[in-house]
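# Structural features, examined
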Amino acid sequence: MANPLGWAGLAQWSFLLAAFGAMLLAVWLVDRRRRGKPSARTEIAALGLTALWAMLAAGVGQTYFVTQAAEVLRNLGWLAVVYASFARDGRHTSVGPVRPVLIVLAMLELFQPGLLLLNVRYAGNASAQGMIFQMSVMFRLLLVTGALVLVHNLYVGSVSAQRGAVRWTCGALAIIWGYDLNYYTIAYLGSQVPIEMAAIRGLATLIAVLLLCIGALRGQSTLRFSPSRTIAFQSLSLLVIGGYMIAMVAAAQSLAWLGGNVGQLAQLGFAFATTIVVVALVPSRRLRGYLNVWLAKHFFQHRYDYRAEWLRFTRTIGRGGAGATPLHDRVVQAVADITDSSRGLLLVPGEHGDLMLAARWQWPTLEVPAEAMAAASAAFFERRGFIVDCDEIRDGVDHGGEATLMPRWLIEDDSVWALVPLLHFDRLVGLVVLGHPPLPRKLDWEDFDLLRVVGQQLASYLAEHGGQVALLEASRFDEFNRRIAFVMHDIKNLASQLALLSRNAERHADNPEFRKDMLVTLRNAADKLNALLARLSRYGAGNVERLEEVEAADVIRAIALRYDPVQNAATGDGPRVFVTDAQPCRLLANRETLEQVLLHLVQNAIDASPPGMAVFLQTRSEGLWGYVEVIDTGCGMSADFVRNRLFKPFVSTKNGGFGIGAFEARELVTAMRGRLDVESREGLGSRFTVRLPLAATASLIDSLSSPSGSGGNDSAKKVA
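A quick note: this is a predicted structure, and the numbers were derived from the prediction, not measured.

Basis of the calculations
Residues numbered from 1 in each chain as written. Predicted model: local features only at pLDDT ≥ 70, side-chain atom pairs only at ≥ 80, totals over all residues. Heavy atoms only, no water. Helix = DSSP H or I, 4+ residues; strand = E, 2+ residues; numbered from the N terminus. Polar contact = N/O pair within 3.5 Å; in protein donor to acceptor, adjacent residues only side chain to side chain. Contact = heavy atoms within 4.5 Å. Pairing = 2+ DSSP bridges. Axes fitted to C-alpha atoms, helices over the stretch in contact; angles between N-to-C directions. pLDDT = per-residue confidence, 0-100. Salt bridge = Lys/Arg side-chain N within 4 Å of Asp/Glu carboxyl O. Buried < 20%, exposed > 50% of the residue type's maximum accessible area, 1.4 Å probe, protein only. Expected span 1.5 Å × (residues − 1). Arc of directions from axis to C-beta. Core = buried A, V, L, I, M, F, W, Y, C linked by side-chain atoms within 4.5 Å. Phe/Tyr/Trp six-rings, centres within 6.5 Å; stacked < 30°, edge-to-face > 60°. Lys NZ or Arg CZ within 6 Å of the ring centre and 35° of its normal.

All right, on to the side chain of Thr67 then. For Thr67, the location among the structural elements is in helix 3 (residues 65-86). A polar atom in the side chain of Thr67 sits 2.7 Å from the backbone oxygen of Gly61. Those residues in contact with Thr67 that lie beyond four places of it in its chain are Trp53, Leu56, Ala57, Val60, Gly61 and Gln62.

Strand pairing in a sheet is mediated by backbone hydrogen bonds. Such pairs are either parallel or antiparallel. Here five strands make up an open sheet; going across it, the order is 2-1-5-4-3 and the pairing antiparallel. At either end of the open sheet lies a strand with only one pairing partner, and these are strand 2 (355-361) and strand 3 (388-389). Here strand 3 runs beside strand 4 (residues 416-424); their pairing, made up of two bridges, is antiparallel. What sits directly across from Val388, in strand 4, is Leu419. Strands strand 1 (344-349), strand 2, strand 4 and strand 5 (427-435) of the sheet are contacted by helix 13 (residues 327-339), whose axis makes an angle of about 70° with strand 2. Contacts from helix 21 (residues 639-646) reach strand 1 and strand 2, with the element oriented near 130° to strand 2.

With that settled, consider the confidence of the model for the chain. Per-residue confidence for the chain averages 78 on the pLDDT scale, and 76% of its residues sit at or above 70. Below pLDDT 50 for its whole length, residues 538-542 participates in nine contacts with residues either more than four positions away or in separate chains. In this model residues 568-572 is a low-confidence stretch, pLDDT under 50, and it forms five contacts with partners more than four residues away in sequence or in other chains.

A separate point is the pattern of salt bridges. A complete count under the given rule lists 24 salt bridges for this structure. Measuring nitrogen to oxygen at the nearest pair gives 3.5 Å for the salt bridge that ties Glu371 to Arg675. Taken together, the residues Glu371 in the loop between strand 2 and helix 14 (375-384) and Arg675 in strand 11 (residues 675-681) connect sequence positions 304 residues apart. On the basis of relative accessible area, Arg675 is assigned to the buried category, the value being 7%. Residues participating in the shared-partner salt-bridge network are Glu71, Arg74, Glu109, Arg140, Asp180 and Arg201.

On to the side chain of Ser136. Here Ser136 shows up in helix 5 (residues 126-157). Take Ser136: its relative accessible area is 15%, and that puts it in the buried class. Side-chain polar atoms of Ser136 contact the side chain of Gln112, separated by 2.6 Å. Look past the residues within four positions of Ser136 in its chain and what remains in contact with it is Gln112 and Leu115.

So, on to helix 20 (residues 591-608). An α-helix turns once per 3.6 residues; consequently, residues spaced three or four apart project the same way. With 18 residues, helix 20 should reach 26 Å at 1.5 Å per residue; the first-to-last C-alpha distance of 26 Å fits that figure. For helix 20, the set of buried residues is Thr593, Leu594, Glu595, Val597, Leu598, Leu601, Val602, Ala605 and Ile606. For helix 20, the side-chain oxygen to backbone nitrogen distance between the N-cap and Glu592 is 3.2 Å, and the N-cap itself is Asn590.

Now for the sheet that holds strand 7 (residues 576-582). Taken in spatial order, the five strands line up as 7-9-10-12-11 in an open sheet, and their pairing is mixed. Strand pairing shows two members of the sheet lacking a second neighbour, strand 7 and strand 11, which therefore form its edges. Geometrically, the sheet is characterised by an average inter-axis angle of 20° between neighbouring strands, direction not taken into account. Pairing analysis gives eight bridges linking strand 9 (residues 614-622) to strand 10 (residues 625-632), with the strands arranged antiparallel. Paired with Val615 across the bridge in strand 10 is Asp632.

Bringing helix 12 (residues 306-318) into the picture now. Taking 1.5 Å per residue, 13 residues should reach 18 Å; helix 12 reaches 18 Å between its end C-alpha atoms and fits that length. Among the residues of helix 12, Ala308, Glu309, Phe313, Thr316 and Ile317 are the ones counted as buried. The buried residues of helix 12 occupy an angular sector of 155° when projected down its axis, which confines them to one face. Facing away from the buried side of helix 12 by over 90 degrees, the exposed positions are Arg307 and Gly318.

To continue, consider the nonpolar core. Leu25, Leu47, Trp78, Leu79, Val82 and Trp177 are the most contacted members of the largest nonpolar core, which has 52 residues in total. Going through the elements one at a time, helix 1 (4-34), helix 2 (41-59), helix 3, helix 4 (98-121), helix 5, helix 6 (164-190), helix 7 (195-199) and helix 8 (201-218) are the ones with two or more residues in this core. Considering every element that reaches this core, the biggest residue donor is helix 6, with 13 residues. The contacts of Leu25, once residues within four sequence positions are left out, are Leu47, Val209, Leu212, Cys213 and Ala216. Core analysis: the next-biggest nonpolar cluster, separate from the first, contains 38 residues, Ile559, Val630, Met637 and Ala662 among them.

The subject of this paragraph is the packing of aromatic side chains. Summed over the entire model, instances satisfying the criterion amount to seven aromatic pairs. Taking 5.5 Å as the distance between ring centres and 75° as the angle between the ring planes, the aromatic pair formed by Phe380 and Phe381 counts as edge-to-face. Among the residues examined, Phe380 registers a relative accessible area of 2% and is labelled buried. The structure contains a cluster of three or more aromatic residues connected by ring pairs, namely Phe380, Phe381 and Phe386. The ring of Trp53 carries Arg74 above its face, with NZ or CZ at 4.5 Å from the centroid. In this arrangement the basic side chain of Arg691 is found over the ring face of Trp625, its NZ or CZ atom lying 4.0 Å from the centre.

See below:
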């Protein structure tokens, strides 16, 4: 048999240490609150009640009336801490389902004083005391079971980024009530208090106090709770705890057959082993994620809580105001929230049918080329509406020929998970690229169905947004036409003056004074017309009359020479333009037009760069095309600005600017049968690339792009 005096001594010292630790932590929190730092009143009160209970347990014993009453106060205090943790962010309505549970648990604990009084009343009746003991232990089992469920939902229901605020409190409460679950289960099965477990109960309390101390030292933060399938997880928690109790009953009956000290030691070891397993596995994020997927797959018809998903989707897309993120970013976030992805991109169709980057959401590191996806790949998504799992392509799975159409940058980067097309009336308006979620999993039929519906809804938002932008642009064109009306009025006045002058010249041509006035009038009219033409020439229609063979390397050298401080007699502090790579590159273009485009791009690069920073020019040939690049290390541009504002007429970031320069540059390049691409990163700089046909391959490009050549455009792009 075990030595009762040894266990009693251990119990006394463990409870004394627990009482000292709890009181010391409570006093420190009170002092911290006095100095204006955050400290919860409920936690201070619960620590004080715990210290009182531990002191009484060490002084008079755990089974006495006063100690049992103090344990009631201790449990009520920690239940108040749980409620305060749920309601800490001030949104008490979010803990509405918690209140009834807490009230029931508090009522169960308030039965204990009555049972204690009945135990005193029937002190000489062994049968009555045995029944009272069983009822008291049963009520305690119900209390700790419900309390552990609340602690579990408190932790898993908080936002993942803010779980540090409750991690240590939940750990301490799990130890206190988890140990009590074992303690009272064995007491119920054995119809008596287990001496060994009662002796080391104070150690469990001491460990909980140490966890609370660590949490207090690390600080607390305001809590927010996100929607979750509470009932499902509560049912799972009750199922696990109920299964545990059944296992305990079976183990206790088996151990009872052993008898003697062997049974008691095995009983104690089993309780400790199960406690360690529970404490080790419950905080595991991977285990909770696995249970979430397993539950949804086997116990529920649907994994998703569609009401909660729709409400979150609506809040994300409908978020407005001055500080709201752009619509394209919110589109990516709305899709990513559904699959728990932590980052994503949005690709949208360009003017040539290919896809280009429109927005990044929490994914600044992924390198995206200017032509993110070819037109043939975009046509596949538009035709099929297929949601691509990139992991399957990497594993060699090809459902409908998508593997050959995916760009290499999407497949080679293992962080890319899925591609979700956004279709509006069978027209592709966007493609969302999702990154892997924190817990890797495979997309299934329910993911595909939900993402397909969400994609259609988001496509309608993007189409509506595009329509509003088109209307705004049309109104700006109307404003431009009204401005041109004033210019036409000035031209009409000048024409009227010249017509009157010509009529008068027929009658007064011999008058010297008239000839003198006529010369002054003609000079003024000519000056006015030249000034007007100079002002209008900047906003031409982008027509190019003659294409010829032009050496691009000579053009960029001439442009760099214009900014040479020696040639311009500057001090050396002005902008510098350097030619870094002038490969021979003979283009089919118009030299004056090409110079006009490059001068505009260089000037924009200088304006976007800090004073004294250089701009770099380079040329290269690749396939059928020649490339001229203008590179700066300035402030850069966001994907939203490049997509929605850079090439839009009448949108300018310069005071007094007409906002038509970049638009005209692209129109001029297009008129020379080329294209203008841009790659930019905020804070790093921009790269503008002018792509024009090589003089030697211009006829081949024409034959490939002619209507008679099937797939000509795609073939040309593949060759390039």
